[in-house]
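# Coordinate analysis (summary)
One-letter residues, chain by chain:
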Amino acid sequence: MNSSNLRKAVLISLLTGMLVALGCGSSPEGKYRDPSGTINAQFKDGKAYIGLGAYAVEGTYKIEGKKIIATGDFGLMIPNPCVFTINDDGSIDGPKNSMIPRLEKVK
């Protein structure tokens, strides 16, 4: 194999790997809940739904890097903006100094 063919093979391998990585990445959109099922969050089509027991609110969200930033008229129980941290395992951590714990993605 000459050097030109080797370069082409390496380039094709790299591009294929990048496409696979992009295609397999999991989106933060979806439903989340704590182990007890008391605290729930859902992020879908730009809408955020956050529920703490019987208390539920709705807002909007955007994703910035490893953060989900939800905003809305959340009242006194949920910080505004409500910033969740996306973990490598697909779970999200609630905002610091809030009653929202780590939430696992519901499959």
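Residues numbered from 1 in each chain as written. Predicted model: local features only at pLDDT ≥ 70, side-chain atom pairs only at ≥ 80, totals over all residues. Heavy atoms only, no water.

### Remarks on the nonpolar core
Counting residues in hydrophobic clusters, the biggest one holds 19 residues, and the most contacted among them are Phe43, Ile50, Phe84 and Ile100. If we ignore the near neighbours within four places in the chain, the residues touching phenylalanine 43 are Pro28, Glu29, Gly30, Tyr32, Ala48, Tyr61, Ile68, Ala70, Phe84 and Ile92. (Core = buried A, V, L, I, M, F, W, Y, C linked by side-chain atoms within 4.5 Å. Buried < 20%, exposed > 50% of the residue type's maximum accessible area, 1.4 Å probe, protein only. Contact = heavy atoms within 4.5 Å.)

### What to know about the side chain of serine 91
By secondary structure assignment, the location of serine 91 is in the loop between strand E6 (82-86) and strand E7 (92-93). A polar contact is formed between the side chain of serine 91 and the side chain of arginine 102, at a distance of 3.3 Å. In contact with serine 91, other than residues within four places in its own chain, are Thr85, Ile86, Arg102, Leu103 and Glu104. (Helix = DSSP H or I, 4+ residues; strand = E, 2+ residues; numbered from the N terminus. Polar contact = N/O pair within 3.5 Å; in protein donor to acceptor, adjacent residues only side chain to side chain.)

### Re the environment of threonine 71
With respect to the secondary-structure elements, threonine 71 resides in strand E5 (residues 67-71). Residue classification places threonine 71 among the partly exposed positions, given a relative accessible area of 33%. Those residues in contact with threonine 71 that sit more than four places away from it in its chain are Gly59, Thr60, Asn80 and Pro81.

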